[in-house]
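# Residue-level structural notes
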Amino acid sequence: MLKADNIVTYRQFLAAAGLTWCLFGILIGRFFQIQILEYDWYSQKANSNRIRKVTTTAPRGLILDRNGQILVDNFPTYVLTAIPWELSDKGEKFEFISTVIGLDSNTVSKSYKKYYRGRFNPTRLAKDLTFDQVSRLEESRINLQGVYYENFPERYFPSRIRGSHIFGIVKEVDRDVRNSLRNKEEYELGDMIGWSGIEKRYENYLKGERGIIFYEVDAFGRELGYVKDLEPTDPEPGLNIITTLDLDIQYFIEGIMKNRKGVILVGLGDSGEILGAVSAPDFDPELFTGLILETTWNEIRNNPEKPLLNRFLQGMYPPGSIVKSVTQAALLEKADFDPNTLFHCDGSYQFGDRLFGCWWQEGHGELDLTGAMVNSCDIYFYKAVQYLELDQLAEMFIEFGFGEATQIDIPGEVYGLVPDKDYMNERHGRYNWSKGALLNICIGQGEVLVTPIQVLNYLNLLATRGNAYRPHLVMVDEPPVNEIPTLKDETWDRIISDMRLVITDENGTGKNAEPDIPGMLVYGKTGTAENAHGESHAWFIGWAEYADQKYSVVILLENAGSGGKVAAPIAKMIFNEIYKSDKLVYK
Amino acid sequence: MIFPRSTEFRELPTHILWSALFLTSVGLAVLKSISQHSSGGLFQNPFSKQLLFLIPAVMLCILIYYTPRSLIHKYSYALYFLGIILVILPFFGAPQAGTHRWLYVGLPFTLQPSEFVKICTITALARYLSDHNLQMKKFTSVIIPIILVLFPTIIILQQPDLGTAIIMIAPILPMLYWAGASFFHLFLLLAPIFSMLTAFHTLAFTTWAVLLALIIFISRPKFMMGLILFFGNIFLGLFSPVLWNGLKPYQQNRILTLVNPSDDPLGAAYQIIQSKTAIGSGGLVGKGWGSGTQTQLKFLPVQESDFILSVMGEELGFIAIAVVLFVFGYFSVQILKYSYLSKDRFSSLVMIGCATIFISHVFVNTAMTVGLIPVKGLPFPFISAGGSFLITSYIMLGLVLKLSINYSD
């Protein structure tokens, strides 16, 4: 073998090979020592060394009203889990469990299949067990090897109100939900996560932090106690959230909206705080905690009245006459329109080849701008708006926050629509629309669409001469601010005094909203918005000034008819309620 | 056809190839057991990730196999400098887990350039030691190879990655020994390290001093030279505790954590205990594939790479471990054999270098899992999950297959 031109000698090769085999020999020897000679010791150690890491669910933070009353709370329930590896006679045990807790045994094995993540992981069998049920299972502990239970706080709603669209729902984290999360490592299957409303928006505040307990468990699954060196950590409850809501006002307006369809928003003009908000029809928030039945869920989802739709954020409505103040502001600011200009209303107006009618078919006769506002005369605006370009009007809409997000602190807001020249060109083609479109838009009809929450912000801006904070539902140190519409003082004066006349004038469309409370001044505007879904939507917006505070109210009743006749009286009820229920000390 | 020419096929050391493929399959089987219940994408699951990385690994192996020996020889220095640039690159990125080990390439995985540099260093070293008609008996001709190795090693130490740095250093001694350096010179290289390490323990230091004197006496250098060597080492030893105490506590800590990192919150000792318990409780035949309680209950840390042998020990038992280690021993000695048989200095040196890297990886990894040495995060070749190292292993396999055939070049 040995050749002269090999670079190393056979001895060198033998030394290298020998050393290599020595190293491998040492390693194999060591394995022999551990695995064969010391097998019993390590085997025992492995059997007693089953430290099981159990995490405990943290209760979510509470949601309170502005006076500290609990609106959303937690209720202790129990979750039953099994460790598949320790579980023998599955069928028999599931049968036994179902008879004790009164469930279909199919449900138990279905849940077992749904949550199975491997033989060594706790798998959920049933949830929402009461203390009673758990005690009964505990009596038969000996037959239920491998079955465990843990405390699980569920949402419940102790107050009189529903607030379903404000609080939103929590959802159980399943595989799909977990995969869709960005911070998925913070959630375990079966956890609750805020899925809409305040629950979603403030999830990070509300969720809290899981506790961890290390149990030492022997080969038979018997718990030997806590592990010495691994300190258990208690779950950290989520932070509580104080909302701007007032329990009594919310309860009152929810009562009004029972069996009605639409929105009521009540807020404080200056601070933008929302005292109450209803989108009707709504749903029972309790349905989404605990076991929701497939049929119930489908019923809600397929309901033609759309109870799941949050109308004050996601409903896009034609505003009708409530936005005439925007047109008024545009006329005074952008067109140097003389408010004393008189136009004659005889009930209809011919523009091009189209005939535009006033809502008062007999005609209002001779009017100035104030008269047109008070009577909500359409013809006057058709004539006056000839002084404006579409984009000038659109700019004014945007100054009052339409067509963009109000940044309300619950997710899902839509922006509505403020049509400008570019939009109209794109939608209808450059030469296929005329100034006739402007006639519709200036009285809040046609393409323009708004959400009730935008309307509340608009109303607050009017009430405070542009100095209102944006509407919000949770108390914060620094509420988001509005960009102040740049109007002349005279314009503000005129808009506000006209809105006062809408309530006080004997012809005023909003006179039904006057509560006749000494010291309370109500300002407002009605709207009756034609739409493609039948009867007109009834609008009333207005604020009451009392004891240095401004209470703003937005009412929208879908397909209910005239704003002045239907919506304004409801505003009066709310102003009365505010007065009666001693809520006038807010600042 | 992978091996088109029948003459070459006859000479291809198929037993080396089969050993590597066998180890890879065993590794995949173990990874499959770990990945059973892991959800998530392709790159979160160690099994499918390994399977995916096998594609470029095998392709590179074949590519190397078809690269002419002369080309490998010609570009070995260029590759060395390219390698150096690659290990420096991660320092320009943000540190990942406090280290600069990984390179982001815009893909859902990262690359660890230090893995590839191992090969570049071996080929560069092999070229230096084969090209020049070196007077290996001269001590100075040992210095340049050491600088060649120390340069990337020091960069890797800065990342910091002690495990890989140790592996980088490992081939230098066998390669110098292969190239004909005298035993005494190799001893002189190691002496200062021993002097410094033993200095903290009186008995160990005394024993070392006696041993040192004995070896210097036997090797008979010039008298003055012998004196300088002996006292130089003794002074270095005596001085090192002073030097150590002169360091600021945070500097001491930095060195200590480098030697014994405990990135696991439960501590390195916990890892070793869990690993030994896993292995020991596996017994002769193991608890069965997918049924290891230590593994599946996640008591065993980093099971897919550093502690994969513990998974195997627990689930498949001593017999499987012995077979795997035996096959690896056979694989390494076969490479040594071809290195010895090769009549081409460069080929021979590359092969001994590769063999050293394989053997030191196996030794450090395995000795760690059974608690013989402190925890060092090093993977087990062909078996542990880890894309960069899998590719490196297959490139080295390709080099060995290539250079062992053409030993008559």
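Sequence order as written defines residue numbering, which begins from 1 separately in each chain. Chain A is the first chain written and ligand 1 is the first ligand written, with later ones labelled in order. Residues qualify for local features only when their pLDDT is at least 70, as the model is predicted, and side-chain atom pairs are given and counted only at 80 or more; totals for whole chains, interfaces and linings, by contrast, use all residues. Neither water nor hydrogens contribute to the side-chain values; these are computed over all heavy atoms in the structure.

From N to C terminus, chain B includes 18 helices and two strands. With a 1.4 Å probe rolled over the protein chains alone, any residue whose accessible area is under 20% of its type maximum counts as buried; one over 50% counts as exposed, and the rest are partly exposed. Counting only residues that meet the buried cut, chain B has 55% of its 409 residues in that class. Taking contacts inside chain B between residues at least 6 apart in sequence as the whole, the part at least 24 apart equals 72%. Every accessible area reported is derived by Shrake-Rupley at a probe size of 1.4 Å, with residue values counting cover from the shown protein chains alone. Of the roughly 18100 Å² that chain B leaves accessible, carbon and sulfur atoms contribute 72%. Put simply, DSSP marks the helices as runs of H or I at least four residues long and the strands as runs of E at least two long, and each gets a number from the N terminus on. In this description, contact between two residues means that some pair of their heavy atoms is separated by no more than 4.5 Å.

Right, let's get into the nonpolar core. Residues belong to a common nonpolar core when they are buried Ala, Val, Leu, Ile, Met, Phe, Trp, Tyr or Cys residues joined through side-chain atoms within 4.5 Å. Membership of the largest hydrophobic core comes to 110 residues, with the highest contact counts inside it found for Phe328(B), Phe331(B), Leu349(B), Phe380(B) and Leu397(B). Of all the elements, helix α16 (residues 308-341) of chain B adds the most residues to this core, at 18 residues. Residues contacting Phe380(B), with those up to four places away along its chain left out, are Ile308(B), Leu309(B), Val324(B), Leu325(B), Phe328(B), Val362(B), Asn365(B), Thr366(B) and Phe389(B). Residues Leu206(A), Val323(A), Phe400(A) and Val418(A) belong to the second largest nonpolar core, which totals 89 residues.

A word on helix α3 (residues 90-101) of chain A. All names here are of chain A. Its 12 residues give α3 an end-to-end C-alpha distance of 16 Å, which sits within 8% of 16 Å, the value for a rise of 1.5 Å per residue. Every buried residue of α3 is accounted for by Lys93, Phe94, Ile97, Ser98, Val100 and Ile101. Down the axis of α3, the buried set is contained in an arc of 160 degrees. They therefore lie on one face. Opposite the packed face of α3, turned more than 90 degrees from it, sit the exposed residues Glu92 and Thr99. Elements in contact with the buried residues of α3: β3 (70-82), α4 (105-115), β4 (123-129), α5 (131-139) and β5 (147-156). Here the expected length of a helix is defined as 1.5 Å per residue gap, with one fewer gap than residues. By definition, the arc is the one covered by directions from the helix axis to the C-beta atoms.

On to the side chain of Ser339(B), then. If you trace the backbone, Ser339(B) turns up in helix α16. Excluding residues that lie within four positions of it along the chain, Ser339(B) makes contacts with Trp178(B), Ser348(B), Met351(B) and Ile352(B).

Residue and element names in this part refer to chain A. In this scheme, strands are said to pair when DSSP sees at least two bridges between them. Taken together, the five strands give an open sheet; going across it, the order is β12-β11-β19-β18-β17, and neighbouring strands pair in antiparallel fashion. The sheet terminates laterally at β12 (274-280) and β17 (521-531), the two strands that pair on one side only. Direction aside, neighbouring strands of the sheet carry axes that sit 5 degrees apart on average. Whenever a helix is involved, its axis is fitted only over the stretch in contact; in every case the axis is a line through C-alpha atoms, and angles between N-to-C directions fall within 0 to 180 degrees. Contacts from helix α20 (residues 489-504) reach β17 and β18 (534-546), with the element oriented near 80 degrees to β17.

Residue and element names in this part refer to chain B. Residues qualify for a patch when their relative accessible area is over 30% and they have no salt bridge, like charges being joined within 9 Å and the nonpolar side chains of Val, Leu, Ile, Met, Phe, Trp and Tyr within 5 Å. Salt bridge criterion: a side-chain nitrogen from Lys or Arg within 4 Å of a carboxyl oxygen from Asp or Glu. Together, Phe223, Met224, Leu227, Ile228, Phe231, Phe235 and Leu238 give the surface a local cluster of nonpolar side chains, amounting to about 780 Å² of exposed area. Relative to the elements of secondary structure, Phe231 occurs in helix α12 (residues 223-246). You can call Phe231 partly exposed: its relative accessible area is 40%.

In this section: the pairing of strand β11 (residues 262-268) of chain A. Residues and elements named next belong to chain A. Taken across its seven residues, β11 has seven buried, putting it largely inside the fold. Residues Gly262, Ile264, Val266 and Leu268 of β11 are buried on one face, and the alternating residues Val263, Leu265 and Gly267, pointing to the opposite face, are buried as well. The sheet contact formed by β11 and β12 spans six bridges and is antiparallel. Across the sheet, residue Gly267 finds its bridge partner in β12, namely Ile274. Counting the residues in the hairpin turn of β11 and β12 gives five residues, including Gly272, whose phi is positive at 80 degrees.

When two helices pack together, their arrangement is given by the angle between their axes and by how far apart the axes lie. Residues and elements named next belong to chain B. Running from amino to carboxyl end, helix α6 (residues 113-131) crosses helix α9 (residues 172-179) at an angle of 25 degrees, the nearest separation of the two axes being 11 Å. Viewed along their axes, α6 and α9 adopt a mutual orientation that is roughly parallel. Judged by the sense of rotation from one axis to the other, the crossing of α6 with α9 is right-handed. Taken together, the residues of α9 that come into contact with α6 (itself represented by Ile122, Leu125, Ala126 and Leu129) are Ile172, Met175, Leu176 and Ala179. Under the grouping applied here, Gly and all other residues not named as nonpolar or charged are polar, the nonpolar ones being Ala, Val, Leu, Ile, Met, Phe, Trp, Tyr, Cys and Pro and the charged ones Asp, Glu, Lys and Arg. Counted by class, the contact of α6 with α9 contains eight nonpolar, no polar and no charged residues. Each angle receives one of four descriptions, namely roughly parallel if under 35 degrees, roughly antiparallel if over 145, roughly perpendicular if within 65 to 115, and oblique otherwise. Working rule for handedness: look at the near helix, and if it is turned counterclockwise from the far one by less than a right angle, call the crossing left-handed; if clockwise, right-handed.

Let us look at the packing of aromatic side chains. Here a pair means two rings of Phe, Tyr or Trp (six-membered ring of Trp) with centres within 6.5 Å. Their orientation is stacked below 30 degrees between planes, edge-to-face above 60, and tilted elsewhere. Under the counting rule described, the total for this entry stands at 40 aromatic pairs over all chains. Geometrically, the ring pair formed by Phe328(B) and Phe380(B) is edge-to-face, given 5.6 Å between the ring centres and 80 degrees between the ring planes. Remark: Phe380(B) occurs in the loop between α17 (345-369) and α18 (387-405) and Phe328(B) occurs in helix α16; sequence separation between them is 52 residues. A relative accessible area of 0% places Phe380(B) in the buried class. Of the aromatic side chains, those joined through ring pairs into one cluster are Trp21(A), Phe24(A), Phe326(B), Phe328(B), Phe331(B), Phe358(B), Phe380(B), Phe382(B) and Tyr394(B). Residue placement shows Arg160(A) over the ring face of Tyr251(A); its charged tip is 4.5 Å from the ring centre. Geometrically, a charge over a ring is one whose NZ (Lys) or CZ (Arg) sits within 6 Å of the ring centre while staying within 35 degrees of the ring normal.

This part covers the interface of chain A and chain B. Taken together, the contact pairs 42 residues of chain A with 54 residues of chain B. What counts as buried area is the accessible surface, traced by a 1.4 Å probe, that two parts surrender upon association, with contributions from both included. Taking both sides of the interface into account, the surface hidden between chain A and chain B amounts to around 4300 Å²; carbon and sulfur atoms contribute 74%. Among the residues chain A hides against chain B, the three largest losses belong to Ile7(A), Phe31(A) and Gln35(A). Together they make up 16% of the total. Our count for the chain A to chain B interface comes out at zero salt bridges. Whenever a nitrogen or oxygen atom comes within 3.5 Å of another N or O atom, the pair is scored as a polar contact, on the condition that within protein one atom can donate a hydrogen and the other can accept it, and that pairs from neighbouring residues in sequence are kept only if both atoms are in side chains. Applying the counting rule to chain A against chain B returns four residue pairs in polar contact (both at pLDDT 80 or more). At the level of elements, α1 (10-37), α2 (39-48) and β1 (50-56) of chain A are the ones that each hand at least two residues to the side of chain A that touches chain B.

Residues and elements named next belong to chain A. Here Arg311 shows up in helix α12 (residues 311-314). By relative accessible area, which is 4% here, Arg311 ends up buried. Of note is the side chain of Arg311, whose polar atom sits 2.8 Å from the backbone oxygen of Glu305. Residues contacting Arg311, with those up to four places away along its chain left out, are Lys261, Gly262, Val263, Ser279, Ala280, Pro281, Glu305, Lys306, Tyr317, Pro452 and Glu558.

Fair warning: the whole summary comes from geometry, so function is off the table for now.
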